[in-house]
Amino acid sequence: MEIRLENINKIFKGDKKKGVEDTIAVSNLNIKVNNGELAGLLGPSGCGKSTTLYMIAGLKEPSSGNIFFDKEDVTHLVPEKRGIGLVFQNYALYPHMSVYKNIAFPLTNLKVLTFKQSIKVKTLELLISLLDNDKYLEIKDLINSSTLDSKKINKDLALRNLINKYHISPSFAKTLFSLDYSSKENINDVIIKAKEDINKEKEKLSNKGFSIDNEYYLLDQDNKRIEEKRKLSKDEIDILVRDVAKLVQIEEQLDKKPKELSGGQQQRVAIARALVKKPRVLLLDEPLSNLDARLRIKTREEIRRIQKETGITTIFVTHDQEEAMSICDDIFVMNNGKLMQEGKPIEVYKDPKNLFVAKFLGTPPINVFKGEFKDNAIFVDNEKILDNVTLTNEYEDKSSLEVYVAIRPEGFIFEDNNETLGLSLKVNEISLSGKEQTLICSHNQRLSEQIKIVIDGDNPISIKEYRFKIKPNKIHLFDLKTEERIYFKDISK
Amino acid sequence: MENKNNFKGWIYLMPAIILIALFTLYPLINTFLISFLQDYKYATGSSSGFTFDNYAVLLGIKEFPDYLTGKGQIDAFFQYALPNTLLITFITVPISIVLALIIAVALNSIKKLRTLFQTIFFTPYVTNIIAVGMVFGVLFSQTGLINEILGTSISFIPNQGSEAPTYFHAMLVLCIEIIWYELPFKILVFIGGLQSIDRQYYDAARIDATPKIKRFLHITVPFLSPQILYVSITSFIDGFKEYQAIAGLFNSRGTTSLNYNLYTCVYFIYDQIQTGGQNINYACAAAVILFVIILLFTLLQLYVSKKRVYY
Amino acid sequence: MKTPTLDQNIVLVIDKKGKDTIKTTKLDKTLKIIGLIFVYAFLLIVAFFALLPFYWMILTSLKYQDIGHFTVDNKFYIPFNEIAWSNYIKVFQVDGFDIPSLLVNTLTVVGISTIGTFFITVFASFAFTRLQFKGRDAVFMLFLITMMIPSELFVTSNFITMYRLNLLNGRWQIYFATMAPFLVNVFYIYLLNQTFKQIPNELYLAARVDGKNDWQYLWKVMVPIASPTLITIVLLKVISGWNAYAWPKTVVMGDATYAQITVALRDFADFSIGIGSSSRDLVTLQMAGTVIVTLPLIILFLVFRKYIMRGVGRAGIKG
């Protein structure tokens, strides 16, 4: 489903008596998330990203503007009628319910729209199909092999094996387990009995004026299926819960209480609970912030996999740019309640529209210097770092301008010679990590706290001053006042 | 250094320890001992030896010895005090807990005027139960407001110029008064508990389209279970100890006529002392019986709650 | 036997009346407002019942009643010129309800016992949380256990003790007997312990560096920091002291001159004392007396509402 936010504003009313002013949490926000995409709302804390998510969920109401799910205007619709799944930052798993019950809980509220079926006939037919033609031997083997260490058959294990193998409900598994497999005659008796029951049931139905089609749906006199709206049965819930548990890989934990699980497992349960009701949209609020670094990387890949497998439109909120960059189809960078930039992660990274986005994306962060554009060249502290360029767009006619010069850490080239172009940096610290080394440097015109540059690990560096060459495409210029991007082009050719 | 500190610690604790020893620990043992003494006279401390008879008489197994006076009072323990105590407790405690829970949930669901309502609901807590009893006496008097509203002239309270009330009517007013008086404390504790429940659980339930009644049963009640357990243990204890409400409502006589039929266990104990104390050994035995009942019931609640209370 | 596999054609649906989102939204809003009206109506009814006895008490105390008439009317208001302010003068002249001397008794006992409880609690909590000595935890355990035992188990024996020590006669003897068994309240000690425990140890070390001894540290640092809790404790003690009935009644069996006001209030309308044409029989005067006993605490509560409600809510102390 496509999600559209149009001119969304959210103002939290202050209290004039207490001198608390109104806060503008979100201002004039326009966002469009395409069907089946994984979109990331990205920004520092307090930028309005969580408020935006909660407005999409319906837990908060926009002060103005509209929210659309496809063509449906859901702006003021209560959350329970939006058909969404939401994973909370601290999961909000019900601590007094088992994992199974937590996941099943949303299903107990839902209804299904379906056609009336003869479950009895369907079940009996399935029974026959599983037993007939000596296939019962397979079941017999499975039950007989369901032992723990002793030779005795473990009933719970046998039931679980049956459920997993044949994708059947617990009650049906119990029926299978209770059959006597010792001789073929016994099984044949069961089959004959089942066939008789089917005929009886069909007869009963036809007396009432119904017939059954080949998918066991009841047909009325006009040979039409009969629609019905009803609650899910226990067996249906069981199958849905086990399906989603399998999807997020927590089948083994279903009987535990949430507090017995690790953070990562709790996260999966929370996702399972959001997904089990097959929502139109999945919303994740800082889903990884409570996990440790190693789990975070693993879990974000999981989220990506689950999202791709289900194909569900997903929006997730994070303050961690690396997280968003690594798994999102699209990112929306927000700051102070405003949308700063949107696009594919790599495009936003390569082409930041303003200084905020440039600084917010990338690890280590971009290095910002105070610099100058003059004589068709870019200078930092009177060192020419790039020449033969001219400003474009609205800055085209400017021949000189003070600017912010931002250079990505990977934009430095180590060449131990004194070229005309380059930037002198004093290296203070070196940390080698395999094939790369990160240098922490100082410069008197820097605006970021530290200058961090990343170069090839083979370069012989020691603690002293070097002059680095700069890759032109890693240099971004920004307006001192508006902090908007200033584009420039190469005029050497 | 350590010795010096040892000494100092005991000095600071001395007042508390002396008072507890004198007025709590010693009486505890003393009461227990006296409850097993025959013909105990508190003025002299004399007795005619050890006996189980005090308990036997109170529990209706043995006849009260005819050489002593006050048979009516003593017999009333088993006949009225014990059943009344249980009746009052098992009527007022569940009703007031459920009411308090509903009121607290309603209070918690509003924003405007919440503090005002909370203050109003809490005011009975600081009020004197004796004063409350007297006001209820006026409200429920035979010519009082309640009778006028109901269009009846039922006698609820033994008072001037009215007929003797029936046991049922007297008990009815008593229970209403106790519930009215006990609500504020419970509401306050429940409100505290409700406010500590993370909103996210409710948000999660809303997203999952959980109906309100289900949110109450599957989220509010389990999350409030520690408070419910706490309130139910303390209120059952208080219920078993009911006395002042009766004194406040029905004057200093625990009866609708003259047969002590509104006695409770604690009323019995105080009345034994206040009417001269010649059978004080029975009062001691009654106190021990009450203690055992409270102890057993508290343990039972803790045991039952073990599986149902989520901490 | 039920359906073994989930039907592929099943669609999970949200229960939405009709498919028009805007209509649903409007309906939900209306339902929400109706729900809110119900909640407020319910709360108003509860508030009415919570306040009715107070209103009735004040109202009745201001109605006219002649001696010999046991009843007054049940009107919900009195015209201003018919208000019987004189009831509040008459109530001071009632036999056996000598308000000034009852107030002296009550204020003396409540005052002294509150001060006593304050110091005992502060000292005990200081010892339990700040000082280290052998047997500390055992003593605390013992204290906690006494908290679980119903006080009715002590009264008979305490009465005998008071009798033997000849404390049931004479002004100061009765005052002492009234307050002594309830000077230590383990709940208060427990409550203060919780507050004292939250004071960081660094403050103690800093005070030691500044040359303060334990005594100075207690009064200059710990008590001021814990003052909200201490105010709560003092207020709760005042409330329970003022409202105490059973034990104070027991110790004044011999000499009602030194009774607490609450005890005297109950005896005010004790019909067993004798029905007659005495002004004690007047409901209006009884209610005037009740107002005098009730009002001080209600004012105290309204002024210190936050302290009292927080204290009760947090520790769950019963009065």
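About the thresholds
Residues numbered from 1 in each chain as written. Chains lettered and ligands numbered in written order. Predicted model: local features only at pLDDT ≥ 70, side-chain atom pairs only at ≥ 80, totals over all residues. Helix = DSSP H or I, 4+ residues; strand = E, 2+ residues; numbered from the N terminus. Expected span 1.5 Å × (residues − 1). Buried ≥ 20, exposed ≤ 12 C-beta atoms within 10 Å, placed from the backbone. Contact = placed C-beta atoms within 7 Å. Nonpolar A, V, L, I, M, F, W, Y, C, P; charged D, E, K, R; others polar. Pairing = 2+ DSSP bridges. pLDDT = per-residue confidence, 0-100. Axes fitted to C-alpha atoms, helices over the stretch in contact; angles between N-to-C directions. Parallel < 35°, antiparallel > 145°, perpendicular 65-115°, else oblique. Left-handed = near helix turned anticlockwise from the far one by under 90°. Core = buried A, V, L, I, M, F, W, Y, C linked by C-beta atoms within 7 Å.

Asker: Break down helix α13 (residues 280-308) of chain B for me, citing the residues and quoting the values.
Answerer: The α-helix winds at 3.6 residues per turn, so residues separated by three or four positions along the chain end up facing the same way. Here α13(B) spans 42 Å end to end across 29 residues, near enough to the 42 Å set by a 1.5 Å rise per residue. Turning to α13(B), its buried residues are B:Ile280, B:Asn281, B:Tyr282, B:Ala283, B:Cys284, B:Ala285, B:Ala286, B:Ala287, B:Val288, B:Ile289, B:Leu290 and B:Ile294.

Asker: Can you lay out the interface of chain B and chain C for me, pointing to particular residues and giving the numbers?
Answerer: In this assembly, 80 residues from chain B lie in contact with 78 residues from chain C. Per element, the largest residue contribution to the side of chain B that touches chain C is 18 residues, and it comes from helix α1 (residues 2-34) of chain B. For the side of chain B that touches chain C, a count of residues per class yields 52 nonpolar, 23 polar and five charged.

Asker: Talk me through the sheet that holds strand β19 (residues 401-407) of chain A; I want residue IDs and the actual numbers.
Answerer: All names here are of chain A. With respect to topology, six strands assemble into an open sheet ordered β17-β16-β15-β19-β25-β26, the strand pairing being antiparallel. What marks the edges here is a single partner per strand, and that holds for β17 (383-387) and β26 (485-486). Both strand β15 (residues 367-374) and β19 contribute to a ladder of seven bridges, which runs antiparallel. The partner of asparagine 367 across the bridge, within β19, is isoleucine 407.

Asker: Kindly report on the confidence of the model for chain B, identifying the contributing residues and their values.
Answerer: Residues and elements named next belong to chain B. Per-residue confidence for chain B gives a mean pLDDT of 87, with 94% of residues at or over 70. Averaged pLDDT values for the elements of chain B fall to 86 in α1 and rise to 93 in helix α4 (residues 114-122). For this predicted complex, the interface score ipTM comes out at 0.89, alongside a pTM of 0.83.

Asker: Which residues make up the packing of helix α9 (residues 263-275) of chain A against helix α10 (residues 293-310) of chain A, and what are the values?
Answerer: Residue and element names in this part refer to chain A. As a packed pair, α9 and α10 sit with axes 11 Å apart at the nearest point and diverge in direction by 20°. By the angle between their axes, α9 is roughly parallel relative to α10. In the packing of α9 onto α10, the handedness of the crossing is right-handed. Facing Gly263, Gly264, Gln267, Ile271 and Leu275 of α9, the residues of α10 in contact are Leu295, Thr299, Ile306 and Thr310. Split by residue class, the contact of α9 with α10 holds four nonpolar, five polar and no charged.

Asker: Could you give an account of the packing of helix α3 (residues 71-108) of chain B against helix α1 (residues 21-61) of chain C, with specific residues and numbers?
Answerer: It is at 10 Å that the axes of α3(B) and α1(C) come closest, and there the two elements cross at 125°. Looking at the two axes, α3(B) sits oblique to α1(C). The element α3(B) and its partner α1(C) pack so that their crossing is left-handed. Contacts between α3(B) and α1(C) pair B:Ile103, B:Ala106 and B:Leu107 from the former with C:Val39, C:Phe42, C:Leu43 and C:Val46 from the latter. Per-class residue counts for the contact of α3(B) with α1(C) are seven nonpolar, no polar and no charged.

Asker: Which residues make up the nonpolar core, and what are the values?
Answerer: In summary, soluble globular proteins display a tendency toward joint burial of nonpolar side chains. By size, the foremost hydrophobic cluster in this structure holds 279 residues, and its most contacted members are A:Ala272, A:Leu283, A:Ile315 and B:Ala286. Sort the elements by how many residues they give to this core and α3(B) lands first, with 14 residues. Setting aside chain neighbours within four positions, we find A:Leu283 in contact with A:Leu53, A:Ile56, A:Ala57, A:Ile84, A:Gly85, A:Leu86 and A:Ile315. With 15 residues, the next largest nonpolar core counts A:Leu127, A:Ala158, A:Phe172 and A:Leu176 among its residues.

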